[in-house]
Amino acid sequence: MRHTRATVMRTALRLLDEVGLDGLTTRRLAQELDVQSPALYRHFGGKRELLDHMAAAMVEDAFAHLARPGPGQDWAGWLAERARALRRSLLTYRDGARLHIGTRPVGNQVAISNLVIDVLGEAGFPPADARRAVLAISRYTVGWAVEEQAGADRPAPGESREAADADFEYGLNAILAGLRASLDGVRASPDGEVR
């Protein structure tokens, strides 16, 4: 049976759930697909490229319905929704956040990032600040998900999942408040630079 790039990558994501990132090898993936390991190189140049595409699939799944903010929707609320969607997507897969760390953007990831940067630019952020804002939110979210998947953020006995989620929201809101203050500084500055 001939496999497509998409079926190889989706099989790798399913296998990730079963064996975790440390157990995910090209040999194991080839066995799962009932092919010889070299057949995988028809679709991916190596494991690193496969991991890049797996991470991209997670992001694309998270942002499948990404659209510009709706009428009257605040940029900060819109950005918070993106962070929550990314977190949910990373937590969907065993070691999903760990897999995401260090991957290179491929597929639609660049277009997704550019859309977010454009929305922040339209809100008034200078281009460099918009890029930094995207990095701050995404790195916070990925780092949080890594800790959650490592078990460091498990709810304490008697603590609800909602309480643990509230901790994520607290940090997210703190970052957004800082970004909002930074934007207010840009707007108040006569030369459009942060003071």
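Enquirer: Whenever I open this one, the side chain of Thr103 confuses me. Can you help?
Expert: With respect to the element layout, Thr103 can be found in the loop between α6 (96–100) and α7 (109–123). Judged by relative accessible area, which is 16%, Thr103 ranks as buried. Residues contacting Thr103, with those up to four places away along its chain left out, are Arg48, Leu51, Asp52 and Ala55.

Enquirer: What is the right way to read the packing of helix α8 (residues 127–150) against helix α9 (residues 161–188) from this model?
Expert: A packed helix pair is summarised by two numbers, namely the angle formed by the two axes and the spacing between the axes. Look at α8 against α9: their axes get within 11 Å of each other, and the N-to-C directions meet at 165°. Classified by the angle their axes make, α8 and α9 are roughly antiparallel. Crossing of α8 over α9 shows right-handed handedness. Contacts between α8 and α9 involve Asp129, Ala133, Ala136, Ile137, Tyr140, Thr141, Trp144 and Glu148 on the former and, on the latter, Arg161, Ala164, Asp167, Phe168, Gly171, Leu172, Ile175, Leu176, Leu179 and Val186.

Enquirer: What should I look at first to understand the nonpolar core in this one?
Expert: In summary, soluble globular proteins display a tendency toward joint burial of nonpolar side chains. Among the nonpolar cores identified, the biggest contains 56 residues, and Leu16, Met54, Trp75, Leu79, Leu120 and Leu176 are the most heavily contacted of them. Apart from residues lying up to four places away in sequence, Leu120 is in contact with Trp75, Leu79, Phe125, Ala130, Ala133 and Val134.

Enquirer: Would you mind going over the packing of helix α4 (residues 47–62) against helix α5 (residues 75–92) with me for this structure?
Expert: The contact between α4 and α5 brings their axes to 8 Å, and the two run at 135°. Taken as axis vectors, α4 and α5 run oblique relative to one another. As for how α4 packs across α5, the hand of that crossing is right-handed. Of α5, the residues touching α4 (which contributes Met58, Val59, Asp61 and Ala62) are Ala85, Leu86, Ser89 and Leu90.

Enquirer: I keep staring at the packing of aromatic side chains and nothing clicks. Help me out?
Expert: For any pair of aromatic rings, the description consists of the separation of the ring centres together with the inter-plane angle of the planes. Summed over all chains, the structure comprises four aromatic pairs. Measuring from centroid to centroid gives 5.0 Å for Trp75 and Phe125, while their planes differ by 85°, and the two rings are edge-to-face. Here the residue Trp75 occupies a position in helix α5, and Phe125 occupies one in the loop between α7 and α8, the gap between them amounting to 50 residues. The exposure class assigned to Phe125 is buried, which follows from its relative accessible area of 4%.

Enquirer: I tried to follow the pattern of salt bridges on my own but got confused; where do I start?
Expert: Opposite charge on two side chains permits them to pair, given that their charged atoms come into close proximity. Counted according to the given criterion, the structure contains 15 salt bridges. Across the pair Glu122 and Arg68 runs a salt bridge, and its minimum N-O distance is 2.9 Å. Here Arg68 lies in the loop between α4 and α5 and Glu122 lies in helix α7, a separation of 54 residues in the sequence. What makes Arg68 partly exposed here is its relative accessible area of 41%. Bridged by salt links that share partners, the residues Arg14, Glu18 and Glu32 form one connected network.

What counts as what
- Residues numbered from 1 in each chain as written.
- Predicted model: local features only at pLDDT ≥ 70, side-chain atom pairs only at ≥ 80, totals over all residues.
- Heavy atoms only, no water.
- Helix = DSSP H or I, 4+ residues; strand = E, 2+ residues; numbered from the N terminus.
- Buried < 20%, exposed > 50% of the residue type's maximum accessible area, 1.4 Å probe, protein only.
- Contact = heavy atoms within 4.5 Å.
- Axes fitted to C-alpha atoms, helices over the stretch in contact; angles between N-to-C directions.
- Parallel < 35°, antiparallel > 145°, perpendicular 65-115°, else oblique.
- Left-handed = near helix turned anticlockwise from the far one by under 90°.
- Core = buried A, V, L, I, M, F, W, Y, C linked by side-chain atoms within 4.5 Å.
- Phe/Tyr/Trp six-rings, centres within 6.5 Å; stacked < 30°, edge-to-face > 60°.
- Salt bridge = Lys/Arg side-chain N within 4 Å of Asp/Glu carboxyl O.

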